[in-house]
Amino acid sequence: MSGENSSDDAQRVWDVVVVGAGPAGASAAYAAAVAGRRVLLLEKAELPRYKTCGGGIIGPSRDALPPGFELPLRDRVHAVTFSLDGRFTRTRRSKQMLFGLINRPEFDQRLVEQAQKAGAELRTGVTVARVEQHGAAVPDRRTVAVVLQDGETVLARAVVGADGSASRIGAHVGVKLDQVDLGLEAEIPVPETVAEDWKGRVLIDWGPMPGSYGWVFPKGDTLTVGVISARGEGAATKRYLEDFIARLGLAGFEPSISSGHLTRCRADDSPLSRGRVLVCGDAAGLLEPWTREGISFALRSGRLAGEWAVRIAEANDAVDTRRQALNYAFAIKAGLGVEMSVGKRLFLVFARRPGMFHAALTGFRPAWKAFTGITRGATSLGEIVRTHPLAGRALTALDR
């Protein structure tokens, strides 16, 4: 705001401050800005920035994007090759696109630009040290102080924590995490002949450790190759990735980036808010426990967090604030929470019997249909269990 001097600016109260400019934060900032509120989006990195992530955009992600958003797709997937620790390889194809593949730096940058177009203000290179809802930094009961690393304080009527899986805001809210996994990934530039072989096709390999799997996602001249497994199996996970890359004949190519990342799922009783502070996306531990797919959860929970932050910003007292925060939690649990609980059951079965999953997806038509329906966004895990009694019964039988 060029007209204001810094002393006015220091006292300025934003309606909504969003911490973290990934898909969850950008969606929250967009939703609050579209509602006409004064929104500040804080990001500790400079954008665009790299993120360890397969970059698959499934139907539910596409449906949660801002209207008119152009997806910067690197490839469109029509075929999936499944293997069971490198054996029993089988490819299944679909006439319709199953999902799209993006590069995260580019995708995240575009989402942030949408939020800015809607009126949100962006500040990069800013690290949040903590948030305070009581004490000297907080002028009144309706205000939250966001304290930055350099000592500066930003004031807000509502705060959305979207600062990833090692979230500062999550710690303030008291987020409790249940399932922690380690994902390792390599971005491997490949010659055209190799790239051509992977075009439009991904590989999913059910891995050697319980609950582990690997993937190859083609993005033009680069293949994103990764594996994920329970945390605490670091050496075995690293070995799985090395074996996987070697088995695919890709060991001779030098990765441009190798990285690792912990994914964390929330415990069932984990809070989603505290006072005027909401959490969403990875910061809230919202992701699908079986596939550990997080982008659709980030986009959907981010949008809800932005919408509810607007209501919290307008709340005049603690009672009203609490009512809005509970409504936010209810909205999350009714949609994403249901998907997570079915995903968790699937994950436990998968961890015990990956061979059965492999056989079902490669040889049992209804299982493949369910897979394609979920990736395209035509249905969800929760929906399938609710509407297909057989699926529900099968899951219950397998639970035992």
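Conventions used here
Residues numbered from 1 in each chain as written. Predicted model: local features only at pLDDT ≥ 70, side-chain atom pairs only at ≥ 80, totals over all residues. Heavy atoms only, no water. Helix = DSSP H or I, 4+ residues; strand = E, 2+ residues; numbered from the N terminus. Rg over C-alpha atoms; globule rule 2.2 N^0.38 Å. Buried < 20%, exposed > 50% of the residue type's maximum accessible area, 1.4 Å probe, protein only. Contact = heavy atoms within 4.5 Å. Areas by Shrake-Rupley, 256 points an atom, 1.4 Å probe, with all protein chains shown as cover. Expected span 1.5 Å × (residues − 1). Arc of directions from axis to C-beta. UniProt positions renumbered as here; feature names shortened; annotations may be inferred. Core = buried A, V, L, I, M, F, W, Y, C linked by side-chain atoms within 4.5 Å. Polar contact = N/O pair within 3.5 Å; in protein donor to acceptor, adjacent residues only side chain to side chain. Phe/Tyr/Trp six-rings, centres within 6.5 Å; stacked < 30°, edge-to-face > 60°. Lys NZ or Arg CZ within 6 Å of the ring centre and 35° of its normal.

- The name given to the chain in an unreviewed UniProt entry is Geranylgeranyl reductase family protein, with Streptomyces xiangluensis as the source organism.

### Re the overall build of the chain
Item 1. A count of helical and extended segments in the chain gives 13 helices and 18 strands.
Item 2. Computed over C-alpha atoms, the radius of gyration of the chain comes to 22 Å, within 12% of the 21 Å expected from 2.2 N^0.38 for 400 residues, which places it in the range of a compact globule.
Item 3. Dimensions of the chain, computed from the C-alpha atoms along their principal axes, are close to 65 × 45 × 40 Å.
Item 4. Of all 400 residues assigned to the chain, the portion counted as buried reaches 54%.
Item 5. At a minimum sequence separation of 6, the contacts of the chain that also span at least 24 residues come to 74%.
Item 6. Accessible area of the chain: about 17600 Å², with a carbon and sulfur share of 52%.

### Description of helix α4 (residues 104-117)
Item 1. End to end, α4 covers 20 Å across 14 residues, agreeing with the expected 20 Å (1.5 Å per residue, within 8%).
Item 2. Along α4, the residues classified as buried are Arg104, Phe107, Asp108, Leu111, Val112, Gln114 and Ala115. All buried residues of α4 lie within an arc of 155 degrees about the axis, which places them on one face of the element.
Item 3. Summarising the contacts, the buried residues of α4 are in contact with α2 (23-34), β2 (39-43), β3 (56-57), β7 (99-102), β8 (121-124) and α8 (295-314).
Item 4. At the C-terminal side of α4, Gly119 shows a positive phi close to 120 degrees.

### Here we look at the UniProt feature "domain: FAD dependent oxidoreductase" (unreviewed entry) in the chain
Item 1. Residues given the UniProt feature "domain: FAD dependent oxidoreductase" (unreviewed entry) here are residues 15-67.
Item 2. End C-alpha to end C-alpha, residues 15-67 measures 23 Å, and it is 32% helix and 23% strand.

### Thoughts on the environment of His134
Item 1. Within the element layout of this structure, His134 appears in the loop between β9 (128-132) and β10 (144-148).
Item 2. Sequence separation between His134 and Ala145 is 11 residues, and the spatial gap between their C-alpha atoms is 8.4 Å.

### Considerations on the nonpolar core
One recurring pattern in soluble globular proteins: nonpolar side chains tend to sit buried together.
Item 1. Judged by nonpolar contacts, the single largest core of 69 residues is most densely connected at Val17, Phe107 and Val146.
Item 2. If one sorts the elements of this core by residue count, α8 sits on top with 10 residues.
Item 3. Among residues more than four places away in sequence, those in contact with Val146 are Val17, Leu42, Val128, Arg130, Val131, Glu152, Thr153, Val154 and Val159.

### So, the side chain of Ser259
Item 1. Within the fold, Ser259 resides in strand β16 (residues 257-266).
Item 2. Polar contacts involving the side chain of Ser259 include one to the side chain of Thr52, which spans 2.7 Å.
Item 3. Excluding residues within four positions of it along the chain, Ser259 makes contact with Tyr50, Thr52, Gly183, Leu184 and Glu185.

### Some remarks on the UniProt feature "domain: FAD-binding" (unreviewed entry) in the chain
Item 1. Under the present numbering, the feature "domain: FAD-binding" (unreviewed entry) in UniProt falls on residues 94-296.
Item 2. Its end C-alpha atoms 21 Å apart, residues 94-296 is made of 21% helix and 38% strand.

### Section: the packing of aromatic side chains
Item 1. By the definition in use, this model includes 14 aromatic pairs.
Item 2. Consider the rings of Trp206 and Phe350, whose centres lie 5.1 Å apart with planes at 70 degrees: the pair is edge-to-face. Placement of the pair is Trp206 in strand β13 (residues 201-206) and Phe350 in helix α9 (residues 318-352), with a sequence separation of 144 residues.
Item 3. Using a relative accessible area of 1% as the deciding quantity, one classes Phe350 as buried.
Item 4. Taken together through their ring pairs, the aromatic side chains of Phe82, Trp206, Tyr213, Trp215, Trp290, Phe350, Phe357, Trp368 and Phe371 make up a single cluster.
Item 5. The ring of Trp14 has Arg12 sitting right over it, with the charged end atom 4.1 Å from the ring centre.
Item 6. Between the NZ or CZ atom of Arg300 and the centre of the ring of Phe297, over which it lies, the distance is 5.1 Å.

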